[in-house]
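One letter stands for each residue in the lines below.
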Number of protein chains: 2
Amino acid sequence: MKEPTLYQFERSSLLIVISGPAGVGKDAVLQCLQERGCPFHFVVTATDRPPRPGEVHGVDYFFLTTDEFAEMVEQDELLEHAIVYGQYKGIPKQQVREALASGKDVIMRIDVQGAATIRRLAPEAVLIFLTASSEEELEQRLRARGGDSSAQLQKRIVTAREEMMRLPEFDYVVVNRDGELDQAVDDVLAIIQTEHCRVEPRVVRL
Amino acid sequence: MKEPTLYQFERSSLLIVISGPAGVGKDAVLQCLQERGCPFHFVVTATDRPPRPGEVHGVDYFFLTTDEFAEMVEQDELLEHAIVYGQYKGIPKQQVREALASGKDVIMRIDVQGAATIRRLAPEAVLIFLTASSEEELEQRLRARGGDSSAQLQKRIVTAREEMMRLPEFDYVVVNRDGELDQAVDDVLAIIQTEHCRVEPRVVRL
């Protein structure tokens, strides 16, 4: 008698978190994945700040009123949220739920502190720590971005150092070397492909 | 003060085991990896049978005398061994040790039973289970190989069914669909790339 279940390799949608200190290139990696047309759901952040000219609701951000935002916090409907410069920012759970249910892999960028929150809420998320190859490289990039005072720059570097210590909380580390963004993106894609080959898939429940 | 260790992402050599029932395409995957020039150490099996015309020592097999083989068994110097049709076959540990020490990833094919032995001896090995996409596909491939009587074929299918039940002992499952060998090889390469990104690398000690 046949065992019809033997060959049922079900595909589970993944929740992929790209994190790492400021300046390591999280946005650049995400943008590159989008430009390559990867069939992921790229998470859109919700905010209560008003849209700037040209910003599109549901694309750049979900623009909510402060009351709507407070309600979502109240209902525990945010995967993660923070108040940045006096304005709410957060990730609606429902968005992630729907994307996962549709069969898509969901990918998001978040700071190191936020990644720890995701790990608690969704232990089966795939946590990728993006890093420069050295502190000197990171420092050069932060300088090149400009806009920071010397004191601010120093603070970012100290923060990055503290964040590097949290590497053990992550599943994978991807080194984004200067001029080798494509290699970092390839690593991220290989990780996603591999996670779909796991004998025990990571099923995220939110 | 700087923490010089923060950015030391050491590369560990991997021991990769490709296993799965007869007929799933283990040899084809290995051959494809070799043809693509992948910089792995492809494990060479030792045997006490005499070389056939054209076979090269150290390439096709390590050809040993029966006494040499018995001595290696005695000294526990084989990663795995079996007697097949009255002749010894086995994998010298020293070969794997040296290749790993040289910094290369080591890749080997082995039957499902043998993979379980590797897991015991080297828990940090990466175990990949190669499979057809259905029992019908596997059966067709075994028929196409020819040479088996109807009873032999039936036995192979029953064995494959038992081996499929051991899937949970493996890390990854790669489906080698008819006409999609390249996809299966890509999956194997993605798995190897990903394992090198693990925050906690798998360090094999033999």
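## Points about the sheet that holds strand E7 (residues 106-109) of chain B
Residue and element names in this part refer to chain B. Strand order across the open sheet formed by five strands is E2-E7-E1-E8-E9, with parallel pairing between neighbours. Of all strands in the sheet, those bounded by a partner on one side alone are strand E2 (41-42) and strand E9 (172-175). In terms of strand pairing, strand E8 (residues 126-131) meets E9 through four bridges, oriented parallel. When the sheet's bridge partners are listed, Thr131 is paired in E9 with Val175. Packing of helix H4 (residues 112-121) onto the sheet brings it into contact with strand E1 (15-19) and E8, and relative to E1 it is tilted by some 155°.

## Remarks on the relation of the copies chain B and chain A
Here chain B sits on chain A after a turn of 180° about the axis and a move of 0.0 Å along it, with an RMSD of 0.0 Å. The superposition of one copy onto the other is thereby described by a two-fold rotation axis. Using C-alpha coordinates, one finds that chain B approaches the rotation axis most closely at Ala190(B), a distance of 2.3 Å. Comparing interface residues between copies, 100% of those in chain B also sit at the interface in chain A, which points to an isologous, same-surface contact.

## Description of the domain arrangement of chain A
Residues and elements named next belong to chain A. Along its sequence, chain A is carved into domain 1 (8-40 + 105-206) and domain 2 (44-103). Here domain 1 and domain 2 have C-alpha centroids that lie 20 Å from each other. Between domain 1 and domain 2, the residue contacts involve eleven residues of the former and nine residues of the latter. Broken down by secondary-structure element, the contributors of at least two residues to the side of domain 1 that touches domain 2 are strand E7 (106-109) and helix H4 (112-121). Ranked by residues supplied to the side of domain 1 that touches domain 2, first place goes to H4 with four residues. For the side of domain 1 that touches domain 2, the residue count by class is eight nonpolar, three polar and no charged.

## Overview of helix H3 (residues 93-101) of chain A
Residue and element names in this part refer to chain A. Among the residues of H3, Gln95, Val96 and Leu100 are the ones counted as buried. Along H3, the residues classed as buried sweep out an arc of 125° about the axis, all on the same side. Of the surrounding secondary structure, the elements contacted by the buried residues of H3 are strand E1 (15-19), strand E5 (78-84), strand E6 (87-92) and E7. Two residues or fewer past H3, Gly103 is found with a positive phi of approximately 95°.

Procedures and definitions
Residues numbered from 1 in each chain as written. Chains lettered and ligands numbered in written order. Predicted model: local features only at pLDDT ≥ 70, side-chain atom pairs only at ≥ 80, totals over all residues. Pairing = 2+ DSSP bridges. Helix = DSSP H or I, 4+ residues; strand = E, 2+ residues; numbered from the N terminus. Contact = placed C-beta atoms within 7 Å. Axes fitted to C-alpha atoms, helices over the stretch in contact; angles between N-to-C directions. Least-squares fit on C-alpha atoms with pLDDT ≥ 70 in both. Domains from an automatic or database assignment. Nonpolar A, V, L, I, M, F, W, Y, C, P; charged D, E, K, R; others polar. Buried ≥ 20, exposed ≤ 12 C-beta atoms within 10 Å, placed from the backbone. Arc of directions from axis to C-beta.

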